[in-house]
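Chain residues, written in single-letter form:
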Amino acid sequence: MRLQRALMLACLLTTASTLAACTTSGINGAPALRSAIGNNLAGTQGKTIADQNKIDKTVAPGCAVGLYTPAECDRHTKASAERRAELGRGD
């Protein structure tokens, strides 16, 4: 009976610690966030298609990991398409 109680306690403690460890991990701090999103914006001015590509490459991972809301991601997608159209016309 003692062995059974000890094994049950060990299983409960193992399960609890595993759940605690698995539910608290994620992006932690600015270096991890920078690593996840990237640093494509440096020097970008939004004046060329290449600049717009850099902007999109920076925003897309933020949308993928839920850093931005779906509405913010949709707004960026629409704004990006509009800007690409403007750049294509030479505005």
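Residues numbered from 1 in each chain as written. Predicted model: local features only at pLDDT ≥ 70, side-chain atom pairs only at ≥ 80, totals over all residues. Heavy atoms only, no water.

(A) Main features of the overall build of the protein. Helix and strand counts for the protein stand at four helices and zero strands. Buried residues in the protein amount to 14% of all 91 residues. Within the protein, contacts between residues at least 6 apart in sequence are counted, and of these 49% link residues at least 24 apart. Carbon and sulfur atoms make up 61% of the accessible area of the protein, which amounts to about 7,000 Å² in all. (Helix = DSSP H or I, 4+ residues; strand = E, 2+ residues; numbered from the N terminus. Buried < 20%, exposed > 50% of the residue type's maximum accessible area, 1.4 Å probe, protein only. Contact = heavy atoms within 4.5 Å. Areas by Shrake-Rupley, 256 points an atom, 1.4 Å probe, with all protein chains shown as cover.)

(B) Representation of the state of the cysteines. One pass over the full model with this rule turns up one disulfide. Here Cys-63 connects covalently by a disulfide to Cys-73, the sulfurs 2.0 Å from one another. Judged by the sign of its S-S torsion, about -115°, the bond between Cys-63 and Cys-73 is left-handed. Separated by 10 residues along the polypeptide, Cys-63 in helix H3 (residues 49-64) and Cys-73 in helix H4 (residues 70-89) bring together distant segments of the chain. (Disulfide = S-S within 2.5 Å.)

(C) Seen up close, the environment of Asp-74. With respect to the element layout, Asp-74 can be found in helix H4. Take Asp-74: its relative accessible area is 45%, and that puts it in the partly exposed class. Each C-alpha atom, one on Asp-74 and one on Cys-63, is 9.4 Å from the other, the two residues being 11 residues apart in sequence.

(D) Here's a closer look at the pattern of salt bridges. Scanning all chains against the criterion turns up two salt bridges. Residue Asp-56 pairs with Arg-84 through a salt bridge whose shortest N-O separation is 2.6 Å. With Asp-56 in helix H3 and Arg-84 in helix H4, this pair connects stretches of sequence that are 28 residues apart. Judged by its relative accessible area of 19%, Asp-56 falls in the buried class. (Salt bridge = Lys/Arg side-chain N within 4 Å of Asp/Glu carboxyl O.)

(E) Focus on H3. The end-to-end C-alpha separation of H3 is 22 Å, in line with the 22 Å expected for 16 residues at 1.5 Å each. All of the buried residues along H3 are Asp-51, Gln-52, Asp-56, Thr-58, Val-59 and Gly-62. Angular distribution of buried residues about the axis of H3 spans 165°; they occupy a single face of the element. Pointing more than 90 degrees away from the buried face of H3 are the exposed residues Lys-57 and Ala-64. One or two residues past the end of H3 sits Gly-66, with phi positive at roughly 80°. (Expected span 1.5 Å × (residues − 1). Arc of directions from axis to C-beta.)

(F) Focus on the confidence of the model for the protein. The predicted model of the protein has a mean per-residue pLDDT of 77, with 64% of residues at 70 or higher. Here helix H1 (residues 2-23) stands out as the element of the protein with the lowest mean pLDDT, 60, in contrast to H4, whose mean of 93 is the highest. (pLDDT = per-residue confidence, 0-100.)

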